[in-house]
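Residues per chain are reported as follows:
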Amino acid sequence: MKKKERAPIHVTLSDVERAYKKVEEFRRLIERGKTPEQIFKDLLKLIQVDK
Amino acid sequence: MTNELINTIFDVAAHCKIPTVLIGGFALPAYNVARTTLDIDICIYIKSQDELEQFIEDLKVLNILTKQKPKINQDLFTVFGKFGEAEVWLKPCDSFQWDAQMVEKIYKFYANVFVLAVEDYILTKLARSDRSATDISDILQILIANKDKIDWQYLFFRLNWIGLENDFREILKVFTLDFDKNGRTISEEILNKFKMSKILKNSKPVENSNDYQKNLRDEWE
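From a predicted model like this one, the values you see are computed outputs, not experimental measurements.

What counts and what doesn't
Residues numbered from 1 in each chain as written. Chains lettered and ligands numbered in written order. Predicted model: local features only at pLDDT ≥ 70, side-chain atom pairs only at ≥ 80, totals over all residues. Buried ≥ 20, exposed ≤ 12 C-beta atoms within 10 Å, placed from the backbone. Helix = DSSP H or I, 4+ residues; strand = E, 2+ residues; numbered from the N terminus. Pairing = 2+ DSSP bridges. Contact = placed C-beta atoms within 7 Å. Nonpolar A, V, L, I, M, F, W, Y, C, P; charged D, E, K, R; others polar. Axes fitted to C-alpha atoms, helices over the stretch in contact; angles between N-to-C directions. Parallel < 35°, antiparallel > 145°, perpendicular 65-115°, else oblique. Left-handed = near helix turned anticlockwise from the far one by under 90°. Expected span 1.5 Å × (residues − 1). Arc of directions from axis to C-beta. Core = buried A, V, L, I, M, F, W, Y, C linked by C-beta atoms within 7 Å. Domains from an automatic or database assignment.

*Asks:* I tried to follow the pairing of strand β1 (residues 20–23) of chain B on my own but got confused; where do I start?
*Replies:* If a strand is regular, its side chains alternate between the two faces of the sheet. All names here are of chain B. Burial along β1 is two-sided: T20 and L22 and V21 and I23, pointing in opposite directions, are all buried. Alignment of β1 against strand β2 (residues 41–44), held across four bridges, turns out to be antiparallel. The residue of β2 that forms the bridge with I23 is D41.

Here it is, written out as structure tokens:
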């Protein structure tokens, strides 16, 4: 099997602008009282398999 | 439920005195970043095959099973619980092994769940052999969200250690573009912090934390 290769680094201005927006969204969640732990647990619920 | 799988793995690891960290996308909230992901990745610091087998036996008692027969020199194995599965890594990244300093720097995220130091976590993203655009996006967000928390000298040391300083510089270039166009001071601060860390640019790769501390002193004196 051919080994995957690292993607070359190609970062654009829109990538960094998007990154700033995402960081801001996280900061807003924290301001509204969510903790990083709660955010982590919310993300976990999305992949939960109910049996 | 899925949370219980993670907590149980960390509980068993703590009982066995095995340093263990959450890695991959689910560790991102520990660094003030979040995105959806499907994979639970946990990394354990195991020193012997016996220790690994004992860990697997202890998980089995709590109904967390693997269909594999993992060996100490493998990268990872998969475990299955009632409500989900997780990949258990034997090294933080497929491109490098644990070392004593990395273990020393792990810290508590919450309860018994630990994560790598942010600098080492960045390295797991940058160094992975199948690095993707998502990893680069994660690194950008981590740098923005943690610019004042990152130990830039340690990060610079690690980039040299793994030989990826040039790749990291390519990522940083975008902050120059952003500062020129948008004038965000955070972008300028990130660039300045990295420039300051270049004082260690002649640091040689070192094997352990004592050597690292000595290198630091040598560079400053």
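Text resumes after the structure shown.
*Asks:* In this structure, what is going on with the interface of chain B and chain A? I would like to understand it.
*Replies:* How big an interface is tends to be expressed through the accessible area that disappears when the partners come together. Listed as interface residues are 34 residues of chain B and, on the opposing side, 27 residues of chain A. Those elements that provide at least two residues to the side of chain B that touches chain A are α1 (2–15), α5 (133–145) and α7 (165–182) of chain B. If one sorts the elements of the side of chain B that touches chain A by residue count, α7(B) sits on top with eight residues. When the residues that make up the side of chain B that touches chain A are grouped by side-chain class, the tally is 18 nonpolar, nine polar and seven charged.

*Asks:* I keep staring at the packing of α7(B) against helix α8 (residues 185–197) of chain B and nothing clicks. Help me out?
*Replies:* Helix-helix packing is described using two parameters, namely the angle between the two axes and the distance between the axes. All names here are of chain B. At a minimum axis separation of 8 Å, α7 and α8 run at an interaxial angle of 140°. Classified by the angle their axes make, α7 and α8 are oblique. Considering how the two elements wind past one another, α7 and α8 form a crossing that is left-handed. On α8, the residues that touch L172, F175, T176, D178 and F179 of α7 are S187, E188, I190, L191 and F194. Along the lines of polarity and charge, the residues of the contact of α7 with α8 split into six nonpolar, two polar and two charged.

*Asks:* So what exactly am I meant to see when it comes to α8(B) here?
*Replies:* Every α-helical turn comprises 3.6 residues, leaving residues that sit three or four positions apart pointing alike. Residues and elements named next belong to chain B. The end-to-end C-alpha distance of α8 is 18 Å, a good match for the 18 Å that 13 residues give at a rise of 1.5 Å each. The set of residues buried in α8 consists of S187, I190 and F194. Across the axial projection of α8, the buried residues extend over an arc of 60°, all falling on one side. Along α8, the residues that are exposed and aim more than 90 degrees away from the buried face are T185, K195 and M196.

*Asks:* Can you walk me through the nonpolar core in this structure?
*Replies:* Nonpolar side chains in soluble globular proteins tend to end up buried together. All names here are of chain B. With 71 residues, the main nonpolar core has I9, L22, I42 and V115 as its most contacted residues. With seven residues, α5 is the largest single contributor of residues to this core. Of the domains in this structure, domain 1 (1–117) and domain 2 (147–221) are the two that each give at least three residues to this core. Look past the residues within four positions of I9 in its chain and what remains in contact with it is I42, L59, I64 and A86.

*Asks:* I'm lost on the packing of α1(B) against helix α2 (residues 49–61) of chain B in this one. Help?
*Replies:* Residue and element names in this part refer to chain B. Look at α1 against α2: their axes get within 10 Å of each other, and the N-to-C directions meet at 135°. Judged by the angle between their axes, α1 and α2 are oblique. Crossing handedness for the pair α1 and α2: right-handed. Facing α1, whose interface residues are I9, V12, A13 and H15, α2 presents F55, D58 and L59. Tallied by class, the residues present in the contact of α1 with α2 amount to five nonpolar, one polar and one charged.

*Asks:* Help me understand helix α4 (residues 118–127) of chain B in this model?
*Replies:* Here α4(B) lies mainly inside the structure; 10 of its 10 residues are buried. Next to the buried residues of α4(B) lie β1, α3 (100–104), β6 (113–115), α5, α6 (152–162) and α7 of chain B.

*Asks:* Help me out: how do you make sense of unusual backbone geometry in this one?
*Replies:* Trans peptide bonds make up the majority, and among non-glycine residues the majority have a negative phi. Residues and elements named next belong to chain B. At K17, a residue that is not glycine, the phi angle is positive and equals roughly 60°. You can see K17 is positioned in the loop between α1 and β1. The exposed category is assigned to K17, around which 7 C-beta atoms lie within 10 Å. Look at N63: it is not a glycine, yet its phi comes out positive at around 65°. Assignment of secondary structure puts N63 in the loop between α2 and β3 (76–80).

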